[in-house]
Amino acid sequence: MLTLPPFEYHAPMELADALALLQKHAGKVKLIAGGTDLVPNMKHRLFMPEHVVGLKQISELNGVRGEGGFLVIGAMTSIADLARNPRVALLFPSLARAATAIAGPQLREMGTLGGNLCLDTRCVYYNQTHFWRKALGYCLKKDGTVCHVVKGGQKCVAAASNDTAPVLLTLGASVELASPNGRRAIPLEEFYVADGVANTVIEPNEILTKVRVPIPRAGLVTGYQKLRIRAAIDYPSLCVAVAAQQQADGKLEWVRMVISALGSKPHTVKRLEGFQGRALDAATIAELGQAAHRQCHPLTNINVETGWRREMIPVFVRRAFAEAMK
Ligand SMILES: Cc1cc2nc3c(=O)[nH]c(=O)nc-3n(C[C@H](O)[C@H](O)[C@H](O)COP(=O)(O)OP(=O)(O)OC[C@H]3O[C@@H](n4cnc5c(N)ncnc54)[C@H](O)[C@@H]3O)c2cc1C
Ligand code: SF4
């Protein structure tokens, strides 16, 4: 049986107290939201914090509300609440769909949006017991010096495996980060970096407090498709999120696609400006699928065949647009 290492648990009622605890125990502390990622990782000795700060009691981190032209979603909103929220389902069906596709029902009740966006990257050589990793000689993400995925690689390429991130990227969302120095809002596009050791720009003294999603104009269509081995629980082997703003005549004003679960950063497909003014028909969608396919190269960081994952990209682009146009 895998056990947790010893730690002291703190349950602050106010955000300021949580931030003060992060500062006081700097270098020896981790935040916990639902714990569905952190607890298994602690059992695997991937993290051994002496202090754990729970965010559950901090009421300002909860809830979904309209604010100006945005839907604001608190970081502690559970994935299950996100999946069943009627405003989310109406305004952003792809976000509701991604939330519904995360893990299984119990994990969705416990897991939160903030925890999902800050999810540790995953790799077949990393998400293993300490015994297993030690036998392999560890790797550069934790305790070692080499990468087993990219031989000779100097940078970890563990996979961004969070389902909500690619969708929120297509929706132009931003996140608010609080620290003892104040609050800063940054576009989600700038939140993720291509480094599997730590793939976000969040500082150790910061807490993600909320997500702001611009309320769409008429004509926005969104879709999300996820490839996984067992539909009932698995992490993604491939995520495809799409969003397209159509004009009154049905022509494209813009189109966005984000492909994830391949490398350490969700990939926003580049150079899609040329699709402006086109109809979102089968030929356009096939070209969009090819554009995504050209730019994406899965790695052996997940125990699912890379060639198959790559060939599924245009298929899932087509399915995501089909879902969006329903
Ligand atoms: C069997 C299994 C299957 C899973 N399948 C999926 C899946 O298909 N898709 C998927 O996306 N996820 C999956 N997960 C992972 C996880 O359940 C979800 O990502 C969940 O949303 C994580 O949220 P949490 O609140 O439990 O995070 P926690 O475990 O509490 O935290 C995760 C990380 O984020 C940090 N953190 C949490 N909240 C904040 C905050 N507000 N500010 C700053 N840092 C914060 C923590 O310190 C920790 O490092 C799975 C987990 C398991 C065990
Ligand atoms: S990608 Fe390489 S360095 Fe990163 S976790 Fe996997 S084996 Fe380790």
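Residues numbered from 1 in each chain as written. Chains lettered and ligands numbered in written order. Predicted model: local features only at pLDDT ≥ 70, side-chain atom pairs only at ≥ 80, totals over all residues. Heavy atoms only, no water.

Student: What am I meant to see in the side chain of Thr-121 here?
Tutor: Looking at the element boundaries, Thr-121 is found in the loop between α7 (113–117) and α8 (130–136). At a separation of 3.0 Å, a polar atom in the side chain of Thr-121 contacts the side chain of Lys-141. A polar contact is formed between the side chain of Thr-121 and the backbone oxygen of Gly-196, at a distance of 2.5 Å. Not counting chain neighbours up to four residues away, the residues in contact with Thr-121 comprise Tyr-126, Asn-127, Lys-141, Ala-158, Ala-159, Ala-160, Gly-196, Asn-199 and Ser-264. (Helix = DSSP H or I, 4+ residues; strand = E, 2+ residues; numbered from the N terminus. Polar contact = N/O pair within 3.5 Å; in protein donor to acceptor, adjacent residues only side chain to side chain. Contact = heavy atoms within 4.5 Å.)

Student: What should I look at first to understand the site of ligand 2 in this one?
Tutor: Taken together, the residues surrounding ligand 2 are Cys-123, Tyr-125, Tyr-126, Cys-139, Leu-140, Lys-141, Cys-147, His-148, Val-149, Cys-156, Val-157 and Ala-158. Residues of the shell around ligand 2, tallied by class, amount to 10 nonpolar, one polar and one charged. (Near = heavy atom within 4 Å. Nonpolar A, V, L, I, M, F, W, Y, C, P; charged D, E, K, R; others polar.)

Student: Can you walk me through the packing of helix α10 (residues 282–295) against helix α11 (residues 306–324) in this structure?
Tutor: Two quantities define a packed helix pair, namely the angle between the helix axes and the distance between the axes. For the pair α10 and α11, the least separation of the axes is 8 Å and the interaxial angle reads 145 degrees. Relative to α11, α10 is oriented so that their crossing is right-handed. Residues Ile-285, Leu-288, Gly-289, Gln-290, Ala-292, His-293 and Arg-294 of α10 pack against Arg-310, Glu-311, Ile-313, Pro-314, Val-317, Arg-318 and Phe-321 of α11. The residue makeup of the contact of α10 with α11, split by class, is seven nonpolar, three polar and four charged. (Axes fitted to C-alpha atoms, helices over the stretch in contact; angles between N-to-C directions. Left-handed = near helix turned anticlockwise from the far one by under 90°.)

Student: Can you walk me through the environment of Ser-94 in this structure?
Tutor: With respect to the helices and strands, Ser-94 occurs in helix α5 (residues 93–100). For the pair Ser-94 and Leu-171, spaced 77 residues apart in sequence, the C-alpha separation works out to 9.4 Å. Here Thr-222 takes part through its side chain, which lies 3.1 Å from a polar atom of the side chain of Ser-94.

Student: What is the right way to look at the pairing of strand β4 (residues 64–67) in this model?
Tutor: For a regular strand, the rule is simple: side chains alternate between the two faces of the sheet. Examined bridge by bridge, β4 and strand β5 (residues 70–74) share four bridges and lie antiparallel to one another. When the sheet's bridge partners are listed, Val-64 is paired in β5 with Ile-73. Hairpin connection of β4 to β5: two residues between the antiparallel strands, including Gly-68 at a positive phi of 60 degrees. (Pairing = 2+ DSSP bridges.)

Student: What exactly am I supposed to notice about the domain arrangement of the protein chain here?
Tutor: Parsing the protein chain into structural domains produces domain 1 (1–53), domain 2 (63–118 + 159–214) and domain 3 (220–324). For domain 1 and domain 3, the distance between their C-alpha centres works out to 35 Å. (Domains from an automatic or database assignment.)

Student: What is the right way to read helix α1 (residues 15–24) from this model?
Tutor: Structurally, the α-helix is built with 3.6 residues per turn, so residues lying three or four positions apart point the same way. Of the positions making up α1, those classed as buried are Leu-15, Ala-18, Leu-19, Leu-21 and Leu-22. Looking straight down α1, one finds its buried side chains confined to an arc of 155 degrees; they lie on one side. Exposed side chains of α1 directed beyond 90 degrees from the buried face belong to Ala-16 and Lys-24. Residues of α1 that are buried sit in contact with β1 (8–10), β2 (29–32), β3 (51–54), β6 (174–179), β7 (182–187) and β8 (207–214). (Buried < 20%, exposed > 50% of the residue type's maximum accessible area, 1.4 Å probe, protein only. Arc of directions from axis to C-beta.)

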